[in-house]
Amino acid sequence: MEIWPAIDIRGGQCVRLRQGDYNQETVYGTSPAEMAVHWFHAGAKRLHLVDLDGAKDGKLSNLAPITDLVREVDIPCELGGGIRNEESIKTLLDAGLARLVVGTLALKNPDWFCEMAQKYPHRLVLGIDARNGFVATDGWLETSSTSAIELARQFEGAPLAALVYTDIATDGMMKGPNLEEMKKMNEQIAIPLVASGGITTIQDVKNLYEAGIPACIIGRALYERTILLKEALEYERS
């Protein structure tokens, strides 16, 4: 199972939000690049980055710290947040990102997303953030009437790298992931699943591994040290 340590960036700093709430922020560091180097030396083989300002504002807002981060570590990095046009895709891939997570625009303009997936095969990731089974958009500020599984099914024929599925109700709450929803998505959708949200203990990682989930993102638990990265990486080596 792939382990993706998360680095969320807001105002150039490393932060974590609770349930995507921009008013419930914890700052964990002033330098995303230094944080990336820390996880790299701890054994991380890949990193999941989020431009929180971009997710909220719909534009690239932390390009400089993101570019600096990618230059500092020789491992694949993926980024989500604020990717709403092809220009952003080109800019970020040219900056060295391995793959990009697109959520809001995939929902609002699926034809465009499929076109971009064909143009940049296996470089784009479908990002689905769900609240009560329905897709949330615009930095989790809005909830749509589209179900998460319904959205994912629209893109099963596209050459995507993966599907990052985040359960908003559990994200940042340190109470465990929504295992049943993750299993349901993994069983019904052919796109490789990356589980995100609420992963708090090494038992949570084990449960996802035993459920056949191919990858997971771990955020606050690493920063609060309720999971040690070296322990999680044992499941990556299994």
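Residues numbered from 1 in each chain as written. Predicted model: local features only at pLDDT ≥ 70, side-chain atom pairs only at ≥ 80, totals over all residues. Heavy atoms only, no water.

> It is not clear to me how the pairing of strand 5 (residues 77-80) should be interpreted in this structure. Could you clarify?
Within a regular strand, side chains alternate between the sheet's two faces. Burial of strand 5 is two-sided: the residues Cys 77 and Leu 79 facing one way and the residues Glu 78 and Gly 80 facing the other way are all buried. Pairing of strand 4 (residues 47-51) with strand 5 involves four bridges; the strand directions are parallel. Residue pairing for strand 5: Leu 47 is matched across the bridge by Cys 77. With three bridges joining them, strand 5 and strand 6 (residues 99-102) adopt parallel strand pairing. The residue of strand 6 that forms the bridge with Leu 79 is Leu 100. Once the chain exits strand 5 it traverses helix 4 (residues 86-94) before rejoining the sheet at strand 6, and the crossover so formed is right-handed. (Buried < 20%, exposed > 50% of the residue type's maximum accessible area, 1.4 Å probe, protein only. Helix = DSSP H or I, 4+ residues; strand = E, 2+ residues; numbered from the N terminus. Pairing = 2+ DSSP bridges. Right-handed = clockwise from strand over helix to strand, strands pointing away.)

> I tried to follow the packing of aromatic side chains on my own but got confused; where do I start?
Working definition: an aromatic ring pair is given by the centre-to-centre distance plus the angle between the planes. Per the stated rule, a full pass over the model turns up four aromatic pairs. Look at Trp 39 and Tyr 223: their rings are 5.5 Å apart centre to centre, the planes differ by 85 degrees, and that puts the pair in the edge-to-face class. Linking Trp 39 in helix 1 (residues 32-41) with Tyr 223 in helix 10 (residues 220-223), this pair joins segments that are 184 residues apart in sequence. Residue Trp 39 shares its accessibility class with Tyr 223, and that shared class is buried. Judged by centre distance (5.2 Å) and plane angle (85 degrees), the ring pair of Phe 113 and Phe 155 falls under edge-to-face. Of this pair, Phe 113 sits in helix 6 (residues 110-119) while Phe 155 sits in the loop between helix 7 (148-153) and strand 10 (162-167), placing them 42 residues apart in sequence. An aromatic cluster of at least three residues, connected via ring pairs, comprises Tyr 28, Trp 39 and Tyr 223. (Phe/Tyr/Trp six-rings, centres within 6.5 Å; stacked < 30°, edge-to-face > 60°.)

> Could you clarify how one ought to interpret the packing of helix 9 (residues 202-210) against helix 11 (residues 229-237) in this entry?
Angle between the axes and distance between the axes are the two parameters that describe a pair of packed helices. Helix 11 packs onto helix 9 with a crossing angle of 10 degrees between their chain directions and a minimal axis gap of 10 Å. One way to sum up the angle between helix 9 and helix 11 is to call them roughly parallel. Here Ile 202, Val 205, Lys 206 and Tyr 209 of helix 9 come into contact with helix 11, specifically with Glu 231, Ala 232 and Tyr 235. (Axes fitted to C-alpha atoms, helices over the stretch in contact; angles between N-to-C directions. Parallel < 35°, antiparallel > 145°, perpendicular 65-115°, else oblique. Contact = heavy atoms within 4.5 Å.)

> I'm lost on the pairing of strand 2 (residues 13-18) in this one. Help?
Two strands pair when backbone bridges link them, and strand 1 (residues 2-10) and strand 2 are joined in this way by three bridges, in the antiparallel orientation. Counterpart to Ile 9 in the pairing with strand 2 is Cys 14. In this antiparallel pair of consecutive strands, strand 1 and strand 2, the connection spans two residues, and Gly 11 shows a positive phi of 60 degrees.

> Help me understand the environment of Val 164, please; the structure alone is not making it clear to me.
Residue position: Val 164 is located in strand 10. Residues Val 164 and Val 102, 62 residues apart in the sequence, show an inter-C-alpha distance of 9.4 Å. Beyond its immediate chain neighbours, meaning those up to four positions away, Val 164 contacts Glu 78, Val 101, Val 125, Leu 126, Gly 127, Ile 128, Val 194, Ser 196 and Ile 217.

> Please clarify how the side chain of Asp 129 should be interpreted in this entry.
Relative to the helices and strands, Asp 129 is located in strand 7 (residues 124-131). Of the side chains with opposite charge, Arg 84 lies nearest to the buried Asp 129, which makes no salt bridge, at 8.7 Å. Separated by 3.4 Å, the side chains of Asp 129 and Thr 166 make a polar contact. (Lys, Arg positive; Asp, Glu negative; His and termini not counted. Salt bridge = Lys/Arg side-chain N within 4 Å of Asp/Glu carboxyl O. Polar contact = N/O pair within 3.5 Å; in protein donor to acceptor, adjacent residues only side chain to side chain.)

> Can you help me understand the layout of surface pockets in this one?
Once rolled over the atoms, a probe with the size of a water molecule shows which space is left empty. One number sums up the size of the largest pocket: a volume of about 190 Å³. With three residues, helix 1 is the single largest residue contributor to the lining of the largest pocket. The residue makeup of the lining of the largest pocket, split by class, is eight nonpolar, one polar and two charged. (1 Å grid on protein atoms, 1.4 Å probe; cavity = no way out; pocket = protein on both sides within 12 Å on 5 of 7 lines; lining within 4 Å. Points joined across faces, edges and corners; volume = space filled by probe spheres on them. Nonpolar A, V, L, I, M, F, W, Y, C, P; charged D, E, K, R; others polar.)

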